Amino acid sequence: MTRIACVGEAMIELSLNGKTAQVGVAGDTLNTAIYLKRSKPELDVQYVTRLGDDPFSDQIESFIAEQDIGTEAISRAENKSPGLYAITTTDDGERSFTYWRSAAAARDLFATPDGIDCSVLKDFDLVYISGISVAILPPEARSALLDWLDKTPVALAYDSNYRPRLWEDQRTAQQVTRAFWERADICLPSIDDEMELFDETAAQVVDRFLKSGRRGGLKRGSEGPVSLGSKVEQAYDPAPVVVDTTAAGDSFNGAYLGAIVSGASQSEALIAGHNCAANVVQHRGAIIPRERA
């Protein structure tokens with residue numbers, strides 16, 4: 001059975017609707033793990049993170065298990081707690097985030113009394129990491145993770161998922177992102193993130209990834225993805241209505257990866273990713289009910 005590790009930060013989510021808020025659990029790589037598992041239930045999908053010893057951490061781990069995601073690679077830290085964020089959306093579905101995560105336990109992921117240890121990832125066939133996963137780590141942990149990946153044959157899927165406030169500065173984000181793109185076996189960038197991070201036009205981003213020779217999909221929202229690694233020309237149906245774009249890219253990544261690792265063609269995987277995202281944006285919140293998936 002193919003074993004996949006999704007690495008990152010699971011957080012308490014407040015989804016605001018007027019004066020009320022719905023409390024949930026989410027995080028970019030966790031969202032991807034859930035949609036990956038839903039798309040291909042036969043895969044062994046594990047979530048790799050660090051939680052605290054508080055009731056909210058218990059709630060997060062229980063939620064992950066309820067989604068049929070493995071929790072055996074989740075570590076705990078004493079006197080720590082998870083991060084929290086709130087989502088607000090405009091009438092056209094665009095979202096903004098407010099975070100409380102500076103002391104989250106996930107920032108110490110891979111840290112041990114003897115230094116940084118990434119060996120929890122060694123028994124997986126594929127590791128999925130995002131720019132958020134990397135940005136929250138201290139610089140020495142980022143370097144150790146990349147060094148570990150460079151020395152192992154494990155396949156890496158990466159999404160730059162650029163959030164400027166998580167990085168020390170744009171130059172650091174550029175340097176780290178370039179290094180992970182060079183190591184990645186599957187690239188899942190979003191065009192708006194790459195434009196902002198590297199100060200490029202849409203055409204320049206497309207050209208850069210096409211020339212890289214890496215496989216994957218360059219996400220462009222309702223326009224549909226650009227195929228990376230092989231030429232695919234096909235139409236993508238936009239969502240009939242957009243309620244909330246939260247987790248659009250995450251859900252694309254999950255369905256795309258599920259299709260690819262299960263032997264689907266590039267064309268089929270891109271369609272699977274796009275259709276999953278088009279469904280997700282028609283509902284509020286990062287994780288839509290199973291019956292609507």
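Residues numbered from 1 in each chain as written. Predicted model: local features only at pLDDT ≥ 70, side-chain atom pairs only at ≥ 80, totals over all residues. Heavy atoms only, no water.

A. Representation of the sheet that holds strand β14 (residues 215–218) in the model. Spatially, the seven strands line up as an open sheet ordered β4-β1-β11-β12-β13-β14-β15, and their pairing is mixed. Single-partner strands in this sheet number two, and they are β4 (44–48) and β15 (226–228). Two strands pair when backbone bridges link them, and strand β1 (residues 3–7) and β4 are joined in this way by five bridges, in the parallel orientation. Across the sheet, the residue bridging to Ala5 is Gln46, located in β4. (Pairing = 2+ DSSP bridges. Helix = DSSP H or I, 4+ residues; strand = E, 2+ residues; numbered from the N terminus.)

B. Spotlight on the pattern of salt bridges. Considering all chains together, one arrives at 18 salt bridges under this definition. Residue Asp44 is joined to Arg3 by a salt bridge in which the shortest nitrogen-to-oxygen separation is 2.9 Å. Of this pair, Asp44 sits in strand β4 while Arg3 sits in strand β1; the two residues are 41 residues apart in sequence, bridging distant segments of the chain. With respect to class, Asp44 is no different from Arg3; both count as buried. A salt bridge links Arg290 to Asp68, with the shortest nitrogen-to-oxygen separation between them at 3.7 Å. Placement of Arg290 in the segment after α9 (266–280) and of Asp68 in the loop between α2 (55–66) and β6 (75–76) is noted, with a sequence separation of 222 residues between them. Of the residues examined, Arg290 reaches a relative accessible area of 40% and is grouped as partly exposed. You can call Asp68 partly exposed: its relative accessible area is 47%. (Salt bridge = Lys/Arg side-chain N within 4 Å of Asp/Glu carboxyl O. Buried < 20%, exposed > 50% of the residue type's maximum accessible area, 1.4 Å probe, protein only.)

C. Up close: the packing of aromatic side chains. In the structure shown here, the tally under the stated rule is five aromatic pairs. Taken together, a centroid distance of 5.9 Å and an interplanar angle of 10° make the contact between Phe252 and Tyr256 stacked. Remark: Tyr256 and Phe252 occur in helix α8 (residues 248–261); sequence separation between them is four residues, near one turn of the helix. Each member of the pair Phe252 and Tyr256 is classed as buried. Ring pairs connect the aromatic residues Tyr158, Phe180, Trp181 and Phe209, which therefore count as one cluster. (Phe/Tyr/Trp six-rings, centres within 6.5 Å; stacked < 30°, edge-to-face > 60°.)

D. Here's a closer look at the packing of helix α1 (residues 28–39) against α8. Relative orientation of the contacting elements α1 and α8 amounts to 40°, with a least axis distance of 7 Å. Considering their axes alone, α1 and α8 lie oblique with respect to each other. Note on packing geometry: the crossing formed by α1 with α8 is right-handed. Of the residues in α8, those in contact with Asp28, Asn31, Thr32, Tyr35, Leu36 and Ser39 of α1 are Asp250, Ser251, Asn253, Gly254, Ala255, Leu257 and Gly258. Taken together, the residues of the contact of α1 with α8 break down into four nonpolar, seven polar and two charged. (Axes fitted to C-alpha atoms, helices over the stretch in contact; angles between N-to-C directions. Parallel < 35°, antiparallel > 145°, perpendicular 65-115°, else oblique. Left-handed = near helix turned anticlockwise from the far one by under 90°. Contact = heavy atoms within 4.5 Å. Nonpolar A, V, L, I, M, F, W, Y, C, P; charged D, E, K, R; others polar.)

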